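Chain by chain, the residues run as shown.
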Amino acid sequence: FRRLGKLVGAKGDELAFVEFQAGRSELLPPERAKLESLVDALQERPKLVLEVGGSWSDRLDTPALQTQRVEQRIAEAVEGILRGGAFPIVLGGEHTVTYGAILGCIRAGFSEFGVVQLDAHADLRDRYEGDPLSHACVMRRIVEAGVPLFQLGVRAMCAEEAGARAEHGVRS
């Protein structure tokens, strides 16, 4: 992507690494932002055509696609409830529920809210066992979406999570 960006006049250095997560049809906001300059540059050159091929991995994509479907269903339900003027109460023990509910709030146009997390673990890893949607990553996805996070009770976190706390302004 770096070479392609420089070729068409985009900010090539920003494109040095663009992560496409297994099984996801959407890019996370930081990755989407990286590609905006490439899209802009390509739109200024209508004769250039960019085709990006994909691949399928049964091992990675099937579980990831299932998780994404659950997130999307929850997001759609929460968004519909909020747009209807009601307040959703979302209960669940699996972290996909949390991320889906937050996506629903964002899609419904809510921007002035944050998350208070009561947990012994920070859940701020970028990936856990290769999975960006793992239970250990849910709060990372939320802060990457621009949602403020306040954590209470965290007693275990790795260096990566401590770095993510600092980078995203997570409070405790």
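All values derive from a computational prediction rather than experimental measurement.

**Q** What is the right way to read the overall build of the protein chain from this model?
**A** In terms of regular secondary structure, the protein chain is built from six helices and two strands. In the protein chain, the succession of α and β elements from N to C terminus is α-α-α-α-β-α-β-α. Out of the 172 residues in the protein chain, the part that is buried amounts to 37%. Counting only contacts in the protein chain whose residues sit at least 6 apart along the sequence, the fraction spanning at least 24 positions is 59%. Split by element, the accessible area of the protein chain, about 10500 Å² in all, is 54% carbon and sulfur.

**Q** Can you walk me through the pattern of salt bridges in this structure?
**A** Side chains that differ in sign of charge can pair as their charged atoms come close. In the structure shown here, the tally under the stated rule is five salt bridges. Residues E160 and R140 are paired through a salt bridge, measuring 3.6 Å at the closest nitrogen-oxygen approach. In this pair, E160 sits in helix α6 (residues 159–168) while R140 sits in helix α5 (residues 138–144), placing the two residues 20 residues apart along the sequence. The exposure class of R140 is buried, given its relative accessible area of 11%. Because the salt bridges share partners, they merge into one network encompassing D126, R140, R141, E144 and E160.

**Q** Hey, could you run me through the nonpolar core in this one?
**A** Ranked by internal contacts, the top residues of the largest apolar core, which has 16 residues, are Y99, V115, L124, M139, I142 and L149. Counting residues per element, this core draws most heavily on α5, which supplies four residues. Sequence-distant contacts of V115, defined by excluding residues within four places in its chain, comprise I102, M139, I142, V147, P148, L149 and F150. Counting residues in each nonpolar core, the second largest holds seven residues, with I74, V97, A101 and A108 among its members.

**Q** I would appreciate a short explanation of α6 in the present structure.
**A** Structurally, the α-helix is built with 3.6 residues per turn, so residues lying three or four positions apart point the same way. Turning to α6, its buried residues number three or more, namely E161, A164 and R165. Along the axis of α6, the buried residues cluster in a sector spanning 105 degrees; they form a single face. Within α6, the exposed residues directed more than 90 degrees away from the buried face are A159, A166 and E167. Summarising the contacts, the buried residues of α6 are in contact with α5 and β2 (149–152).

**Q** For this particular structure, what's the right way to read the environment of L149?
**A** Tracing the backbone shows L149 in strand β2. Sequence separation of L149 and M139 is ten residues, and the distance between their C-alpha atoms is 7.9 Å. Contacts of L149, omitting those with residues within four sequence positions, involve V115, Q117, L124, M139, V143, V170 and R171.

**Q** In this structure, what is going on with the environment of G163? I would like to understand it.
**A** Position of G163 among the secondary structure elements: in helix α6. As a C-alpha pair, G163 and R125 span 38 residues in sequence and 9.6 Å in three-dimensional space.

**Q** Sorry if this is basic, but what is going on with the side chain of D123 here?
**A** By the secondary structure assignment, D123 is in the loop between β1 (115–118) and α5. There is no salt bridge for the buried D123, and the closest opposite charge comes from R125, which lies 7.2 Å off by N-O distance.

**Q** Help me understand the environment of V115 in this model?
**A** Turning to its location among the elements, V115 is positioned in strand β1. Look at V115 and you get buried, because its relative accessible area is 10%.

**Q** Explanation requested: a nonpolar patch on the surface in the structure shown.
**A** Judged by side-chain polarity, F87, I89 and L91 come together as a nonpolar surface patch covering roughly 460 Å² of accessible area. Its location among the elements puts I89 in the loop between α3 (58–83) and α4 (95–107).

How each quantity is defined
- Residues numbered from 1 in each chain as written.
- Predicted model: local features only at pLDDT ≥ 70, side-chain atom pairs only at ≥ 80, totals over all residues.
- Heavy atoms only, no water.
- Helix = DSSP H or I, 4+ residues; strand = E, 2+ residues; numbered from the N terminus.
- Buried < 20%, exposed > 50% of the residue type's maximum accessible area, 1.4 Å probe, protein only.
- Contact = heavy atoms within 4.5 Å.
- Areas by Shrake-Rupley, 256 points an atom, 1.4 Å probe, with all protein chains shown as cover.
- Salt bridge = Lys/Arg side-chain N within 4 Å of Asp/Glu carboxyl O.
- Core = buried A, V, L, I, M, F, W, Y, C linked by side-chain atoms within 4.5 Å.
- Arc of directions from axis to C-beta.
- Lys, Arg positive; Asp, Glu negative; His and termini not counted.
- Patch = residues over 30% accessible without salt bridge, like charges linked within 9 Å, V, L, I, M, F, W, Y side chains within 5 Å.

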